[in-house]
Amino acid sequence: MARLTNLVRRCPFTLLMLAVLIAAGIYGQSHIGSLNVGIHRQLGHSPRLMLEGHLHRPLTSLFFTAGGWSFYRSLLMFAASVGWAEHVHGTRRAVLTFFGIHLATLLIMAIAIALPLSMLATLRGELLFNARDVGPSAGYYGCLGLMIAGLCCWKRNAAASLITLALLVRLTLSTMHLTEAGRMMSADLAHLIAFPLGLLCHRISRKESAS
C-alpha cells in the first residue's frame, strides 16, 4: 500500500495519462484492433489540417493510437519514458517536456519538412503533408531523450547512438515501402525529430542551472 501511495505521489501525471489513454483506446476500439475509422478521421492530425486552422488536432490526436499491438506498445513506452522523467525531474518538468516536444515536433514536421516537400510535388512530400496520424509517441520519445541525456557519459553516448540508429533504420524502411499511406513514415519521422529535441532540452536546462 505504501509503494502504491508513493507511486501516485511521485508520478500523478503518468498515471492519469495512462488512464486516459486506456479509456480512449477502449472508446476507439484500438485495444482490440485498428482505431475506429470515424475517430481517426475526426481527431487525427496532419500538417495540412494544422495549416488549415485545425489547431485542436495536435492535442486530440495524441490520446489515440493506431490500434492493435501499437496500442500496448504505446502504453508501455509512455509508462517507461514519461514515468521515468516524472519520477526523476518532477511532474511539472515531465508535463512541459511531453507536451512541449509533442507540439514542437509537429510544427517542425509541418513547416520545415512536409510543406516544402509537398510544394515540390514529391510523392513522399504529399503523403507527409496529408497523412493523418495519432498517438503520444512524439512526446514520450522527447521524454526518453531527456532521460538518456542525463545518464553518465558512456551510457549516454551508447544509448543515444543506438536509439538514433534504430530510428534512422525505421524511417528508411518506412520511407522506402510507404506502408499505411505514409502514416508509418510520418510517425517514424516524428520520433527522429522528438528524440534529439529531448536530448537538447536536457542540455539547455543544464546550462540554465549552471548560469
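Quick notes on the rules
Each chain carries its own residue numbering, running from 1 in the direction its sequence is written. pLDDT decides what is reported in this predicted model: residues at 70 or higher carry local features, side-chain atom pairs at 80 or more are listed and counted, and totals for whole chains, interfaces and linings draw on all residues regardless. To obtain the side-chain values, all non-hydrogen atoms of the structure were used and water was disregarded. Under the DSSP-based scheme used, a helix requires at least four consecutive residues in state H or I and a strand at least two consecutive residues in state E, with every element numbered from the N terminus. By definition here, a helix of n residues has an expected span of 1.5 Å times n minus one. When a residue's accessible area, from a 1.4 Å probe over protein chains only, is under 20% of the maximum for its type it is buried; when over 50% it is exposed; and in between it is partly exposed. By definition here, a salt bridge exists when the distance from a side-chain nitrogen of Lys or Arg to a carboxyl oxygen of Asp or Glu is within 4 Å. Across the chain, each position has a pLDDT score giving the predictor's confidence in that residue, from 0 to 100. Centres within 6.5 Å make a pair out of two Phe, Tyr or Trp rings, where for Trp the six-membered ring is used; the pair is then stacked when the planes are under 30 degrees apart, edge-to-face when over 60, and tilted otherwise.

Asker: Explain helix 10 (residues 153–177) residue by residue, including any values.
Answerer: Because each turn of an α-helix spans 3.6 residues, side chains separated by three or four positions in sequence point in the same direction. In this model, helix 10 (25 residues) spans 36 Å end to end at C-alpha, consistent with the 36 Å of a helix rising 1.5 Å per residue. When we look at burial in helix 10, the residues that qualify are Ala-159, Ala-160, Ile-163, Leu-167, Leu-171 and Ser-174. Phi turns positive, to about 50°, at Leu-178, one or two residues after helix 10.

Asker: Let's hear about the pattern of salt bridges: which residues, and what values?
Answerer: The tally for this structure, following the rule as stated, stands at two salt bridges. For Arg-48, the salt bridge goes to Glu-52, with nearest N and O atoms at 3.9 Å.

Asker: Outline the confidence of the model for the protein chain, listing residues and values.
Answerer: Atom-level detail of predicted coordinates should not be read off regions where pLDDT is low. With 96% of its residues at a pLDDT of 70 or more, the protein chain has an overall mean of 92. Mean pLDDT per element in the protein chain: helix 1 (residues 2–10) is the minimum at 75, and helix 9 (residues 137–149) is the maximum at 97.

Asker: So, the packing of aromatic side chains: which residues are in play, and what are the values?
Answerer: The tally for this structure, following the rule as stated, stands at eight aromatic pairs. Taking the centre distance of 5.0 Å and the plane angle of 80° together, the rings of Phe-98 and Phe-99 count as edge-to-face. With relative accessibility at 23%, the residue Phe-99 sits in the partly exposed group. Counting every residue linked through ring pairs, the aromatic cluster contains Phe-13, Phe-78, Phe-98 and Phe-99.

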